[in-house]
Amino acid sequence: MSRPPVRVAVLISGTGSNMRALVEGGGDAYAVALVLSNRAEAPGLAWASERGIPTIAIPHAPYGKDRQAHEAAIDEALRDHDIQVVALAGYMRVLTPWLVGRWSGRMLNIHPSLLPKYPGLDTHRRALEAGDAEAGCTVHLVSEGVDEGPILNQARVPVMADDTPETLAARVLEAEHRLYPQALAAFCAGL
Ligand code: GRF
């Protein structure tokens, strides 16, 4: 007997191009059941809403320095929507150990480098400065350390001689859009 697709929430802060790829890549293994953002103006929210996907904005500013209170509101929304797996997709807030612990083994992230190389920001400039011949992206489980959790999948792209951080970022982003839906589907199928 086949089971219903795993209910996934995608957390975004900005453009949400990976979120769009995840929505379009849904199928038997998973369905995007919620798009949540810490920025009400994130363009991805309107895109998802137009497609009938529930969306929620939970801005962090009203919570001031109380990160855990902001995360408690996020956690409540995830549970209200019967979410089983969380996919971070350009969510630009560092999570506290509290939320990470609540979703341990059920929260994925995509990072634009071949981890463990270049955790954090500015990955493409750092890859170019190091003279790397290839770059890429990583889907990993979220753990307490930033960009440190167990690696699930990676995709590689070549670095070209005339690359700038922008041209390399665009090539890696295309690879992200292929990798993340595949990785998420494989992960959900294995739950
Ligand atoms: C992607 O490069 C992702 O790897 C990183 O943030 C970027 C988000 O882009 N974590 P988008 O919002 O999915 O277009």
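These numbers come from a predicted model, not from an experiment.

## A few points about the overall build of the protein chain
Next up, step 1: Of the regular secondary structure elements, the protein chain holds six helices and seven strands.
Next up, step 2: Moving toward the C terminus, one meets the helices and strands of the protein chain in the order β-α-β-α-β-α-β-α-β-α-β-β-α.
Next up, step 3: Considering only C-alpha atoms, the protein chain reaches an extent of 50 × 45 × 30 Å along its principal axes.
Next up, step 4: Sorting the 191 residues of the protein chain into buried and exposed places 45% on the buried side.
Next up, step 5: Pairs at least 24 apart in sequence give 62% of the contacts found in the protein chain among residues at least 6 apart.
Next up, step 6: Here the protein chain contributes 17 positive and 22 negative side-chain charges, whose respective centroids are spaced 2 Å apart.

## Notes on the state of the cysteines
Next up, step 1: This model, assessed by the stated rule, comprises zero disulfides.
Next up, step 2: In this structure C188 is not part of a disulfide, and its nearest cysteine sulfur, from C137, lies 18 Å away.
Next up, step 3: Judged by its relative accessible area of 0%, C188 is buried.

Conventions used here
Residues numbered from 1 in each chain as written. Predicted model: local features only at pLDDT ≥ 70, side-chain atom pairs only at ≥ 80, totals over all residues. Heavy atoms only, no water. Helix = DSSP H or I, 4+ residues; strand = E, 2+ residues; numbered from the N terminus. Buried < 20%, exposed > 50% of the residue type's maximum accessible area, 1.4 Å probe, protein only. Contact = heavy atoms within 4.5 Å. Lys, Arg positive; Asp, Glu negative; His and termini not counted. Charge placed at Lys NZ, Arg CZ, Asp CG, Glu CD. Disulfide = S-S within 2.5 Å.

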